[in-house]
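Listed here are the chains, written in short residue letters.
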Amino acid sequence: MNDAPLIEPEIAARVLAGALDSGGEFAEVFAERRAAMGMSIDESRIESVQSGAGEGAGVRVIGDRTTYFAHVDGLDPADLERAAAEAASALRGERVEPRPLVAVATTPQPIEIPPGAVPAERKAELLRELDERGRGAGDEVAQVLASYAEARREVTVANSEGLFTGDDRTRTRIAVQVVARRGDAVETGAETLGGHRGFELFEGDPGSIAAEAAGKALTLLDAGPAPAGSMPVVVGGGFGGVLFHEMTGHGLEADHIQKGASVYAGKLGERVAEPLLSAYDDGRMPGEWGSDAIDDEGTPTQKTLVLDQGRVVSYLYDRLRAERDGVASTGNGRRESFRHLPIPRMTNTYIAPGDAEPEAIIAEVEKGFYAASFGGGQVDPATGDFVFGVSEGYLIEGGRVTRPCRGATLIGNCLQALAAIDAVGSDFAMKTGICGKGGQSAPVGTGQGHVRIAAMTVGGTEV
Amino acid sequence: MIELADRAAQAALGAGASDAEAYASEASEREVRVHGGEVESLTAATERGLGLRAWIGKRVGYAYGTDLGDPGIRVIAGRAVEAARAADEDEFAGPPAPSAEAPAALELRDGSIDSWSAAQVADLALVVEREALAADPRVAGVEQAVYAGSADRVAIASSTGIAGEYESSSCYAYAQVLATGEDGTETGLGFDLGRGPAALDPAAVGREGAARATAMIGAAKPDSRGCPVVLDPTVAASFIGLIGSGLCADAVQRGRSPFAERLGAEMGSEALVLHDDRIDPSGPASSPFDGEGIAGSRTALIDGGTLRSFLFDAYTARRGGTESTGSAGRSGYRSLPRVSTSNLVVATGALGLDRLLAEAAEGVCVTDVAGLHSGVNPVTGVFSVGASGRAIRGGELAEPLREFTIASDLISMLGALRAAGAESRWVPFGGSVNTPPLLIGEMTVAGA
């Protein structure tokens, strides 16, 4: 674990004992310290400079199939014990003794340049570079809006089964949005760069993302309306991985499965896709946006094969749901902060590279749609209905990518669309995303190479 | 708490700010989730924090924290001043001046938010689930039935003499209901909101979720075409929220709104009358003053087919040479105030739902949309979003439809708006919106 726990083991033990004072099968205290800093550039001016810090803890007790949860700001031992008493107050059983705590060491993701130690002026320079690169991309670039954000989260987890562990997480991210204008036509392009990394993330050529965002916006100035109807769709690499995140990842989260609110319920061991498709959730990928040493219940993160040559081989579990299914947690118990209960969440989810050349995947399509990048997506795991907003899309005509399209959305149903994936590219890239579920947001990585779906509905305006 | 805010503003002046504004908030929250007739989780919590905006001349910075003792406040003050030093000068930056008029007196707190016991609110959530299960034999389960409530207190104090404090409470209940037919599972959402649990109708929440889920059984894709579309209030609210965002002056002044050049312009239809009303006594987002202490008001945005006004905070008002409309929003002490809508209120029209459908004749009634965060370009207003709902045939609701998109752009949609329905409700989507169903003359539907 990290060198200095946020709460001493003796205090954690007292809080856990208090939490089980009226019985219960399991108690946990999750302590967190967070420091964040951000700024943006707009109209070539550095603004919205802000920093914040906070610490607090959440205490939960599980008894009689109910989770009782209380959280407090601050880490004052008296407040923590009050939270434990509050969480325990609805239970009416006999006192239970927690097991003695045993510290478990973890290895946090290495951070070379802690962003907190970098002067604000250096971060402002980075934003000015993004602004200049975006504006330099063409005369039709009207605006560049860029933001920088860093956050450090130190966590300590202790539970009644004797676990005492922690993690130290630093995430850094920049995002650029470019607006291009030609007469009345206005288009936008966006790009991000982020990781579970320090300021070393920006050692390469961070300005290139501004050029890429500008390139997308400028390309779209020549766009026509998107087609409407069912056709073959090729999805680009990188953030295209949000396809698998929505179509399959959410449906494999064990809370949806156990409530019968997932189209993947009862599908363990079954084939749902062609053998060319394998996919992972991997919370240990070095430096990736969705990586941590442990999840927010203290379980070490792991690489989980979820789809093995088209067959469902694992769901994604936190402790509570794993216990219910009599399996081990897969290290996917994540929470937005100490103010939230952990729930099964993805970390970095990706489709493993296949053996098709991206150009060949497109060349085989006579008439179709190329979704080079998405703005995001959404799924209802219970019905399997999903939707993706296309941020950069093109027509495919005669095996070639032709004119750009604006305003397209892809829509479909998980199991049908997954089964219709008939090519997986050998290229591969990871991108950063912010995933929302149950009112909690979490940093997640998504990845894939080019992927083709034999038929999918494109929702444009050109009928 | 006003003393705390005042002390913090003073601390920022002591740390080198030329002006300062402190926002302090305190909340006590409770949430119950039930499933299968049992309480799945019960959460009780208090939250308290402080956000401090510091100006050094024409530079502004922000810092927040939860350590509210004097040393903690000094740390926050130091960081806010440091943040201001890192910002560039902005000729329009500066602290808001106090409002000329006194803020409206509003009763925003319901006693039942505190007086109801944990067991009572758990029962309320259990009633939601039970009613959903009992409503129709095709209801297979309730993924989640939830009650959540919060009692809040907010105080703002500034070096320019702004000083205000208010209390409010809010709560909601919802159910995500599952229904099964031959082709698989359908979901339906039921919800209600109020200032306290006593104001909620849990049985209606359960029945609404069940009705929405069962109505979707057997749904198929519609044919792709352009046709009249009726948006039910939950869907209309999402679009009204997008329009509201485009009417915020920061987006307008920075050329990132489809409405930027349209003040005073005809919208092509007189059917939509839209106000932003922070002081509506029934509004979930009501407050006597906004996120920087300026008195709340009711602002006509679209009326008589014309775009009447944008929404302004102190900064955008100074930049636009006008007065603040009291539209600085905050999503808590951790966020900088920024222009946002409060309660968006759409005026009701003359037609009940049946006559609205008759008017549409042949088309689609949309009851749910998905993918709004990625399917809408807020700068251009162009959108294409996932939808489900019912066919309209011969002026009546017909078979259920799913897996299609509706596409248009906000300006064209407003121009094509033919009628607003007669019955409205508060909806927590798109911010806080009160709207009836809306009939759009034509939109592109993409399905099979």
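Computed from a predicted model, the values in this text were never measured in an experiment. (Residues numbered from 1 in each chain as written. Chains lettered and ligands numbered in written order. Predicted model: local features only at pLDDT ≥ 70, side-chain atom pairs only at ≥ 80, totals over all residues.)

**Student:** How do you make sense of the overall build of chain A when you look at a structure like this?
**Tutor:** For chain A, the helix and strand inventory stands at nine helices and 23 strands. The C-alpha atoms of chain A give a radius of gyration of 24 Å, which matches the 23 Å a tight globule of 463 residues would have. With respect to the principal axes defined by its C-alpha atoms, chain A has extents near 75 × 55 × 35 Å. Within chain A, the proportion of its 463 residues that are buried is 62%. Sequence separation of at least 24 residues holds for 75% of the intrachain contacts in chain A that already meet a minimum separation of 6. (Helix = DSSP H or I, 4+ residues; strand = E, 2+ residues; numbered from the N terminus. Rg over C-alpha atoms; globule rule 2.2 N^0.38 Å. Buried ≥ 20, exposed ≤ 12 C-beta atoms within 10 Å, placed from the backbone. Contact = placed C-beta atoms within 7 Å.)

**Student:** Sorry if this is basic, but what is going on with the packing of helix 1 (residues 9–19) of chain A against helix 2 (residues 77–88) of chain A here?
**Tutor:** Axis angle and axis distance: for two packed helices, these are the angle between their axes and the distance between the axes, and together they describe the pair. Residue and element names in this part refer to chain A. Where helix 1 contacts helix 2, the two axes come as close as 8 Å, and the packing angle between them is 20°. What the angle tells us is that helix 1 and helix 2 run roughly parallel. Like other packed secondary-structure pairs, helix 1 and helix 2 cross with a definite hand, here right-handed. Between helix 1, through Ile 11, Arg 14, Val 15, Gly 18 and Ala 19, and helix 2, the contact on the second element is made entirely by Pro 77, Leu 80, Glu 81, Ala 84, Ala 85, Ala 87 and Ala 88. When the residues that make up the contact of helix 1 with helix 2 are grouped by side-chain class, the tally is nine nonpolar, one polar and two charged. (Axes fitted to C-alpha atoms, helices over the stretch in contact; angles between N-to-C directions. Parallel < 35°, antiparallel > 145°, perpendicular 65-115°, else oblique. Left-handed = near helix turned anticlockwise from the far one by under 90°. Nonpolar A, V, L, I, M, F, W, Y, C, P; charged D, E, K, R; others polar.)

**Student:** Just to check I follow, could you spell out the domain arrangement of chain A for this structure?
**Tutor:** Interfaces are often described in size by the accessible area the parts lose on coming together. All names here are of chain A. Entries for chain A in the domain assignment read domain 1 (9–220) and domain 2 (224–459). Here the C-alpha centroids of domain 1 and domain 2 sit 23 Å apart. Counting from both sides, the interface comprises 33 residues of domain 1 and, opposite them, 21 residues of domain 2. When contributions to the side of domain 1 that touches domain 2 are tallied by element, the ones reaching two or more residues are strand 1 (26–42), strand 2 (45–63), strand 3 (66–73), strand 5 (141–159), strand 6 (163–182), strand 7 (185–195) and helix 4 (208–220). Broken down by element, the residue count for the side of domain 1 that touches domain 2 peaks at six residues, all from strand 6. (Domains from an automatic or database assignment.)

**Student:** Can you walk me through the interface of chain A and chain B in this structure?
**Tutor:** With 66 residues of chain A at the contact, the number on the chain B side is 64 residues. Looking at the side of chain A that touches chain B element by element, the count peaks at 11 residues for strand 2 of chain A. Looking at the side of chain A that touches chain B residue by residue, the classes come out as 24 nonpolar, 29 polar and 13 charged. As paired elements, strand 2 of chain A and strand 3 (residues 59–65) of chain B share five bridges and run parallel to each other. Among the inter-strand pairings, A:Ala53 is bridged to a residue of strand 3 of chain B, identified as B:Gly65. (Pairing = 2+ DSSP bridges.)

**Student:** How do you make sense of the domain arrangement of chain B when you look at a structure like this?
**Tutor:** Residue and element names in this part refer to chain B. Partitioning chain B into domains gives domain 1 (2–215) and domain 2 (225–446). Computed over C-alpha atoms only, the centres of domain 1 and domain 2 are separated by 22 Å. Counting residues at the interface gives 31 residues for domain 1, matched by 28 residues for domain 2. Residue assignment for the side of domain 1 that touches domain 2 shows that the elements contributing at least two residues are strand 1 (19–35), strand 2 (38–56), strand 3, strand 4 (139–158), strand 5 (163–181) and helix 5 (202–215). Ranked by the residues each element gives to the side of domain 1 that touches domain 2, the list is headed by strand 5, at five residues.

**Student:** What is the right way to look at the nonpolar core in this model?
**Tutor:** In globular proteins that are soluble, nonpolar side chains generally tend to be buried together. Residue and element names in this part refer to chain B. Counting residues in hydrophobic clusters, the biggest one holds 276 residues, and the most contacted among them are Ala 8, Ala 12, Leu 52, Ala 80 and Ala 125. No other element matches strand 4, which puts 10 residues into this core. If we ignore the near neighbours within four places in the chain, the residues touching Ala 125 are Val 32, Val 34, Ala 145, Val 146, Tyr 147 and Ala 173. (Core = buried A, V, L, I, M, F, W, Y, C linked by C-beta atoms within 7 Å.)

**Student:** Help me understand the sheet that holds strand 11 (residues 303–308) of chain A in this model?
**Tutor:** Backbone hydrogen bonds are what pair the strands of a sheet, in a parallel or an antiparallel way. The mixed open sheet is built from six strands, whose spatial order is 12-11-10-15-22-21 (chain A). Because the sheet does not close on itself, it has two edges, and the strands there are strand 12 (311–312) and strand 21 (429–437) of chain A.

**Student:** Would you take a moment to explain the environment of A:Gln50 for this structure?
**Tutor:** Positionally, A:Gln50 belongs in strand 2. Between the alpha carbons of A:Gln50 and A:Ser40 there is a distance of 9.5 Å; along the sequence they are 10 residues apart. Leaving out residues up to four positions away in the same chain, A:Gln50 has contacts with A:Gly38, B:Gly61, B:Tyr62, B:Ala63, B:Ala83 and B:Leu336.

**Student:** Where do I start with helix 9 (residues 353–360) of chain B in this structure?
**Tutor:** Because an α-helix completes one turn every 3.6 residues, residues spaced three or four positions apart along the sequence face the same direction. All names here are of chain B. When we look at burial in helix 9, the residues that qualify are Leu 356, Leu 357 and Ala 360. End-on, the buried residues of helix 9 take up no more than an arc of 100°, which puts them together on one face. Contacts from the buried residues of helix 9 go to strand 7 (225–231), strand 14 (363–370), strand 15 (382–393), strand 16 (396–409), strand 17 (417–420) and strand 20 (438–446). Looking one or two residues past helix 9, Ala 361 carries a phi angle of roughly 65°, positive in sign. (Arc of directions from axis to C-beta.)

**Student:** Please clarify how the sheet that holds strand 19 (residues 432–435) of chain B should be interpreted in this entry.
**Tutor:** Residues and elements named next belong to chain B. Spatially, 10-9-8-13-19-18 is the arrangement adopted by the six strands of the open sheet, whose pairing is mixed. The open sheet has two edge strands, strand 10 (306–307) and strand 18 (425–427), and neither has a second partner. As paired strands, strand 9 (residues 298–303) and strand 10 are joined by two bridges and run antiparallel to one another. In the strand pairing of strand 10, Ile 302 is matched with Leu 307. With respect to the sheet, helix 6 (residues 233–246) is in contact with strand 8 (274–277), strand 13 (343–346), strand 18 and strand 19, its orientation differing from that of strand 19 by roughly 120°.

**Student:** How should I be thinking about the confidence of the model for chain B in this particular structure?
**Tutor:** Detailed reading of predicted coordinates is not advised where the pLDDT is low. Looking at chain B, the pLDDT average stands at 96 and 100% of residues meet or exceed 70. With pTM at 0.94, the complex prediction returns an ipTM value of 0.93. (pLDDT = per-residue confidence, 0-100.)

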